[in-house]
Amino acid sequence: MFRLLLVLMIVHMNAHCMNQNWTSHDRPNIVILMSDAFDGRLTFHPGNKVVQMPYINYMREMGAVFLNSYTNSPICCPSRAAMWSGQFVHLTQAWNNYKCLDPNATTWMDLLGKSGYHTHSMGKLDYTSGDHSVSNRVEAWTRDVPFLLRQEGRPVTDLVGDMSTKRVMTKDWNITDAAVQWIRHTAESLAQPFALYLGLNLPHPYRTDSLGPTAGGSTFRTSQYWLNKVSYDQVSVPKWLRFEDMHPVDFYSTLTKNCSGHFTEEEIRNIRAFYYAMCAETDSMLGQVIAALRDSGLLNRTVVLFTSDHGDLAMEHRQFYKMSMFEGSSHVPLLIMGPGVKSGFEISLPVSLVDIYPTVLDLAGVPQPGGLSGHSLIPLVSGVRVQSAEPHPGLLLSEYHGCNANASTYMLRIGEWKYITYADGLTVPPQLFNLSKDESELRNVASHFPDVCQDLDKRLRTILDYPSVSQTVHRYNKQQFLEWKKSLGDSYTQVIANLRWHIDWQKDAKSYERDIEEWLLGLD
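Where an unreviewed UniProt entry is consulted, the protein chain appears under the name Arylsulfatase K, with the organism given as Phoxinus phoxinus. Database annotation for the protein chain, UniProt heading Cofactor (unreviewed entry): "Ca(2+)". In UniProt, the protein chain has this text filed under Function (unreviewed entry): "Catalyzes the hydrolysis of pseudosubstrates such as p-nitrocatechol sulfate and p-nitrophenyl sulfate. Catalyzes the hydrolysis of the 2-sulfate groups of the 2-O-sulfo-D-glucuronate residues of chondroitin sulfate, heparin and heparitin sulfate. Acts selectively on 2-sulfoglucuronate and lacks activity against 2-sulfoiduronate."

Structure, rendered in C-alpha cells:
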C-alpha cells in the first residue's frame, strides 16, 4: 500500500513541479525539519543501504539531495547559529555551545514574518547564548590547558521496550505530534503562506543518567522495532589508526571523549547499529510531517527541507559524538523537495548550512540582506536562474572552537580535497585528505602534497584570517574562565573538581588546578 501511495504522490507532484517555477506569484509554504547529529552520508548510496528510511528515500526521489553538504561548525549551538544567521561562526563569534547568537539577532524566519509569511517554530532551537551545561563551557574554555581528562561517558547502548515500541524519544514524538496538529488545524486555514521550523533531538545520543547530573550524551538508545530497520550485515567496523599515528588533535578528542579504552568489535558494531536505528526513528517523524501536509492538501504547495546541525562519528576514528571535521561528524543531510525542485536530482557541489538562509529568502521572494556568508541553492535544485543569487563558489568553510578539541580547527572543502588546519597554521600540523581516493580519511597526505596545502591555505585566508580568529578565541576563553572562577569564590575548588571530568580530576586535583593557574598566567 505504501509503495502504491508513493508512486501516486510522485506522479502527482512531478506533474505539478513541471508547471511551477521560482517566478510564480504564489509563494510556497516552507517547512524545515532539523535533526540533531544525523550523518548526511546515510541519505544517499551507499550509506542509505544500511538502514530503512522510507521518507528520506521519498524526499530523494521527489526532490534534490546534496551529496556534499556540511555543517559550518560541528557542534550544536554554533552550527545552528550559522544556519539561522546565514553567517560563518567567526563573524557571529559563536565560539561554543555557551556563546552563540544574541536573542535579538535577525534570522531568516524574522524576515519571512516581515514579508507576510505566517511563521511558527517548534522544538529544539538552540542558537542563542547562555545554554548547555557548565561542564560543557568550562571544557571549551580550558582546552588550551595541557592536561588530558575524560570529559564524556564511555559510549554504550541501551535496548528498551520490545518489538512494538515505536516511540522511544517521547520528547521528539510529542513535538512532532504538535507540529502535525498545527499543520492540520492552523496551517490549512491560513490565508497567507506559512513557514514552519521543527527541531528534533534525535539521533543525538541520550544522556547517561548513571554518570550523574553533569553527564553528557553517551547512550545510544533504541528499541527492537527500530533495530529491525537496520541491515546488520551492512554495519561496518571502521578501521582505526594506532594511537602513535593519530593527529595530535584527534588523539586529544579520542581521550577526552573516553574512547581510548578497549572496545570489542561487537561493541563497536552495536553502537553503530543503535545509532542507525535512532536515525530510522527520526525518519519516521519526518514521515509524520509529510503525511500531515499531504492529508491537508498542502504538500503540492510546500517546499520541505530536511537537514541536521552536524553528524555523529559513531565510533569512526575511535570517537563518537561530533566536534571533528571527519565526515561522520561534519557531513550533514540536505534534501529539498517541493514545487520547482527537480525530482530525483543529485548535486555533488559542496554546500553548507549558511546556504539555507539565502535559499529560504529566494523561495519567499524576499530581498537578501548584505553580509551573508551563504549562497542560494535555488539555481542548483531548480535550474532556474535567480536574479539576486550569485553563483555558488563550490567550496565551504567549517570551523570549530569548542570542547574536545585542543585547538581552533578550520576546514576547507573543495573538489576532491578536504584541508584541515589548526590554531595559527604553524604550531599544529595540517591534515589533507583526498576524499575521492580515501573516503575513510585514514591517509593524511599533507606532507605529500605541500603545493595543494599551500594553495588551499591561501584560499582559506581569503575567507578569514584564521590565526587572528584563533587568538581571539584564546583570549575569550581566558577571560570567560577568569570571570567564572571569580564568581565562585571559595567554592571554586569544589565546583571544578565535580564537573564531567571529576573521575580523572580527583586523581590529582592539586596538579590540575596548578596547570590551570599556569595557563592563566601565561602569555596570550
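Next comes the rest of the write-up.
Examining the packing of aromatic side chains
According to the stated counting rule, one finds 25 aromatic pairs in the structure shown. Ring plane angle 85° and centroid distance 6.1 Å describe the contact between Phe147 and Trp505, whose orientation is recorded as edge-to-face. With Phe147 in the loop between helix H6 (134-141) and strand E5 (156-160) and Trp505 in helix H17 (residues 502-505), the pair connects residues that are 358 residues apart, well separated along the chain. Aromatic pair Trp505 and Tyr512: ring centres 5.5 Å apart, planes at 40°, arrangement tilted. Trp505 sits in the buried class, given a relative accessible area of 0%. Overall, Tyr512 belongs to the buried group, its relative accessible area being 16%.

Side note on the pattern of salt bridges
Within this structure, the stated rule accounts for 22 salt bridges. Residue Arg184 is joined to Asp295 by a salt bridge in which the shortest nitrogen-to-oxygen separation is 3.4 Å. Highlighted residues: Arg184 in helix H7 (residues 170-185) and Asp295 in helix H10 (residues 265-295), separated in sequence by 111 residues. Using a relative accessible area of 33% as the deciding quantity, one classes Arg184 as partly exposed. Residue Lys507 pairs with Asp504 through a salt bridge whose shortest N-O separation is 3.4 Å. Classification of Lys507 by relative accessible area gives exposed; the value is 60%. Since its relative accessible area comes to 8%, Asp504 is described here as buried. One salt-bridge network, held together by shared partners, links Asp36, Arg80, Lys124 and Asp309.

A closer look at the side chain of Ser135
Residue placement: Ser135 occurs in helix H6. Classification of Ser135 by relative accessible area gives buried; the value is 2%. A polar contact of 3.0 Å, which involves the side chain of Ser135, links it to the backbone nitrogen of Arg500. Excluding residues that lie within four positions of it along the chain, Ser135 makes contacts with Thr214, Leu499 and Arg500.

Quick word on the sheet that holds strand E4 (residues 118-123)
In space, the seven strands of this open sheet follow the order E4-E6-E1-E9-E10-E2-E11, with mixed pairing throughout. For this open sheet the edge positions go to E4 and strand E11 (345-347), each flanked by a neighbour on one side alone. The sheet shows a mean angle of 10° between the axes of neighbouring strands, taken without regard to direction. The pairing of strand E1 (residues 29-35) with strand E6 (residues 194-199) spans five bridges and is classified as parallel. Residue pairing for E6: Ile30 is matched across the bridge by Ala195.

As for the UniProt feature "domain: Sulfatase N-terminal" (unreviewed entry) in the protein chain
Taking the numbering used here, the UniProt-annotated feature "domain: Sulfatase N-terminal" (unreviewed entry) corresponds to residues 28-366. With 33% helix and 16% strand, residues 28-366 has its two end C-alpha atoms placed 12 Å apart.

Examining the packing of helix H2 (residues 54-62) against H10
The interhelical angle for the contact between H2 and H10, taken along N-to-C directions, is 55°, at an axis separation of 7 Å. In terms of axis orientation, H2 runs oblique to H10. Residues Pro54, Tyr55, Ile56, Tyr58 and Met59 of H2 lie in contact with H10, whose contacting residues are Asp283, Ser284, Leu286, Gly287 and Ile290. The residue inventory of the contact of H2 with H10, partitioned by class, reads seven nonpolar, two polar and one charged.

Some words on the side chain of Thr107
Following the sequence through the fold, Thr107 ends up in the loop between helix H4 (89-92) and helix H5 (108-114). Thr107 sits in the buried class, given a relative accessible area of 2%. For Thr107, the residues in contact, after removing those within four places along its chain, are Trp84, Tyr127 and Tyr357.

Overview of helix H3 (residues 76-85)
Of all 10 residues in H3, 10 are buried, a share of seventy percent or more. Among all positions of H3, only Cys76, Cys77, Pro78, Ser79, Arg80, Ala81, Ala82, Met83, Trp84 and Ser85 are buried. For H3, the secondary structure elements touched by its buried residues are E1, H4, H5, E4, E6 and helix H12 (356-364). Trailing H3 by a residue or two, Gly86 shows a phi angle of about 75°, which is positive.

Notes on the sheet that holds strand E14 (residues 409-414)
A sheet is described by the order of its strands in space; here four strands give the open sequence E13-E14-E15-E16, paired in antiparallel fashion. Because the sheet does not close on itself, it has two edges, and the strands there are strand E13 (395-400) and strand E16 (431-434). Recorded for the sheet is a direction-independent mean angle of 15° between the axes of neighbouring strands. As paired strands, E13 and E14 are joined by six bridges and run antiparallel to one another. Each bridged residue has a counterpart across the sheet, and for Glu399 the counterpart in E14 is Tyr410. Sheet strands touched by helix H15 (residues 466-488): E13, E14 and strand E15 (417-422). Its angle to E14, the strand with the most contacts, is close to 145°.

What counts as what
Residues numbered from 1 in each chain as written. Predicted model: local features only at pLDDT ≥ 70, side-chain atom pairs only at ≥ 80, totals over all residues. Heavy atoms only, no water. UniProt positions renumbered as here; feature names shortened; annotations may be inferred. Phe/Tyr/Trp six-rings, centres within 6.5 Å; stacked < 30°, edge-to-face > 60°. Helix = DSSP H or I, 4+ residues; strand = E, 2+ residues; numbered from the N terminus. Buried < 20%, exposed > 50% of the residue type's maximum accessible area, 1.4 Å probe, protein only. Salt bridge = Lys/Arg side-chain N within 4 Å of Asp/Glu carboxyl O. Polar contact = N/O pair within 3.5 Å; in protein donor to acceptor, adjacent residues only side chain to side chain. Contact = heavy atoms within 4.5 Å. Pairing = 2+ DSSP bridges. Axes fitted to C-alpha atoms, helices over the stretch in contact; angles between N-to-C directions. Parallel < 35°, antiparallel > 145°, perpendicular 65-115°, else oblique. Nonpolar A, V, L, I, M, F, W, Y, C, P; charged D, E, K, R; others polar.

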